[in-house]
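Breakdown of the fold
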Amino acid sequence: MAEKDYLYVVKKPCPICSMETRATKVRSRLITETVDNDLCTHYKDINPYYYRIWVCEHCGYAEDERHFLNGVAPKAKKEIQEFLAGHHGTSEFKEQRTRDDAIKALKLAIFYTKFTTETFAHKAGLNLTLAWIYREAGDKENEEKFLAEAGKLYIESRSREVFPQGQMTEADCIYLIGAIHFRLGDYDTAGRYLSMLMHNKELETKERVTVDRAKDLWSDMRDKMKEERADAAEDAAPAK
């Protein structure tokens, strides 16, 4: 199937300007190909992360579908309206997005969370999704930049917020912190968080899938560390 065959357009009122705007949604019948250790899922034919963010074509406000439809608190709405009053905020609607369109939409959504009282977990998820799109592009510098931000925000979420956060349990959050830091090469932090899952008997039953995932990543990390030590030793050895 072509990408456009997975897409359809809906019309909804913008929570900021109240005008009806179009948004592209992705049909749920997607075929999974692979899943990265930080839970980035790669699908056949389409990248649904391109369409996670809805952007009002009239005022430029951006958020994911759930937050867009749930509205904005009065104080935050007023602040956003005041900000937009001094800026040209319209956004061209595109039923089918390019990677650059998706990056722009996610950066807009991250920007608007500065006005709202969104959770650390939600902000972390936006940054993580943006890191995944940069990964697809092969842009390692920006991937790591937004991975690092997501990691910080998930740590804040775990220490300051009540779980579950949406569909994410505390165990999911702990795992993601470990996986993100593994990908950033911070094995000390990754190991510390993965250990919280592997050595918790209660979670062995309640969060079996997440605990097993943590054990697999711990094994991968151990192998990676051995490989890096061997490479370092080879580089340090005197030339014959």
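As the structure is a computational prediction, the values presented were derived from the model and not from experiment. (Residues numbered from 1 in each chain as written. Predicted model: local features only at pLDDT ≥ 70, side-chain atom pairs only at ≥ 80, totals over all residues. Heavy atoms only, no water.)

Within the protein, the regular secondary structure consists of nine helices and six strands. Viewed in the frame of its principal axes, the protein has a C-alpha envelope of about 70 × 40 × 35 Å. Taken across its 240 residues, the protein has 43% of its residues classed as buried. When the accessible surface of the protein is split by element, carbon and sulfur atoms take 48% of a total near 13400 Å². (Helix = DSSP H or I, 4+ residues; strand = E, 2+ residues; numbered from the N terminus. Buried < 20%, exposed > 50% of the residue type's maximum accessible area, 1.4 Å probe, protein only. Areas by Shrake-Rupley, 256 points an atom, 1.4 Å probe, with all protein chains shown as cover.)

We now examine the packing of helix α3 (residues 99–112) against helix α4 (residues 120–137). Following both chains from N to C, one finds α3 and α4 inclined at 160°, their axes separated by 10 Å at the closest point. Judged by the angle between their axes, α3 and α4 are roughly antiparallel. When the axes of α3 and α4 are compared, the crossing they make is left-handed. Across the interface between the two elements, Arg99, Ala102, Ile103, Leu106, Lys107, Ala109 and Ile110 from α3 touch Leu126, Asn127, Thr129, Leu130, Ile133, Tyr134, Glu136 and Ala137 from α4. (Axes fitted to C-alpha atoms, helices over the stretch in contact; angles between N-to-C directions. Parallel < 35°, antiparallel > 145°, perpendicular 65-115°, else oblique. Left-handed = near helix turned anticlockwise from the far one by under 90°. Contact = heavy atoms within 4.5 Å.)

A few words now on the pairing of strand β2 (residues 20–26). When strand β1 (residues 7–13) meets β2, the two strands line up antiparallel, connected through seven bridges. In the strand pairing of β2, Leu7 is matched with Val26. A loop of six residues connects β1 with β2, the two strands running antiparallel in sequence, and Ser18 in this loop sits at a positive phi of about 70°. (Pairing = 2+ DSSP bridges.)

What follows concerns the packing of aromatic side chains. Tallied over the full model, the rule gives 13 aromatic pairs. On the basis of an interplanar angle of 35° and a centroid distance of 5.9 Å, the ring pair of Tyr61 and Phe68 is categorised as tilted. Assigned by exposure class, Tyr61 and Phe68 land together as buried. Chaining the aromatic ring pairs together yields one cluster made of Trp54, Tyr61, Phe68, Phe83, Phe111, Tyr112 and Phe115. (Phe/Tyr/Trp six-rings, centres within 6.5 Å; stacked < 30°, edge-to-face > 60°.)

For the rest of this paragraph, the subject is α3. When the terminal C-alpha atoms of α3 are compared, their 20 Å separation across 14 residues agrees well with the 20 Å that a helix rising 1.5 Å per residue should span. Looking only at α3, the buried set comprises Asp101, Ala102, Ile103, Ala105, Leu106, Ala109, Ile110 and Tyr112. Where α3 is buried, its residues meet β5 (53–55), β6 (62–64), α2 (74–85) and α4. (Expected span 1.5 Å × (residues − 1).)

Turning next to the nonpolar core. Counting residues in hydrophobic clusters, the biggest one holds 66 residues, and the most contacted among them are Ile16, Ile53, Tyr61, Leu128 and Tyr154. Other than its neighbours up to four places away in sequence, Ile16 contacts Cys59, Tyr61, Val72, Lys77, Ile80, Gln81 and Leu84. (Core = buried A, V, L, I, M, F, W, Y, C linked by side-chain atoms within 4.5 Å.)

A word on the pattern of salt bridges. Per the stated rule, a full pass over the model turns up 15 salt bridges. Ionic pairing is found between Arg135 and Glu143, a salt bridge with its closest N-O pair at 2.8 Å. Assigned by exposure class, Arg135 and Glu143 land together as buried. (Salt bridge = Lys/Arg side-chain N within 4 Å of Asp/Glu carboxyl O.)

Right, let's get into α4. Here α4 contains 18 residues, and its C-alpha end-to-end distance of 26 Å stays within 8% of the 26 Å for a straight helix at 1.5 Å per residue. By the criterion of burial, α4 is predominantly enclosed, with 14 of the 18 residues buried. Downstream of α4 by a residue or two, Gly138 has a phi angle that is positive, lying close to 80°.

Topologically, Asp38 is positioned in the loop between β3 (32–35) and β4 (41–43). If near-sequence neighbours (up to four positions away) are discounted, Asp38 is found in contact with Leu128, Trp132, Arg135, Leu147, Leu176, Ala179 and Arg183.

What follows concerns unusual backbone geometry. In terms of backbone geometry, most residues other than glycine have negative phi values and most peptide bonds are trans. Looking along the chain, the bond that leaves Phe163 and enters Pro164 is cis, with omega of 5°. Its location among the elements puts Pro164 in the loop between α5 (140–160) and α6 (170–183). In this structure, Leu39 is a non-glycine residue whose phi angle is positive, near 75°. Topologically, Leu39 is positioned in the loop between β3 and β4. Judged by its relative accessible area of 28%, Leu39 is partly exposed. With a phi angle near 80°, Asp45 is a residue other than glycine that sits in the positive phi range. Secondary-structure assignment places Asp45 in the loop between β4 and β5.

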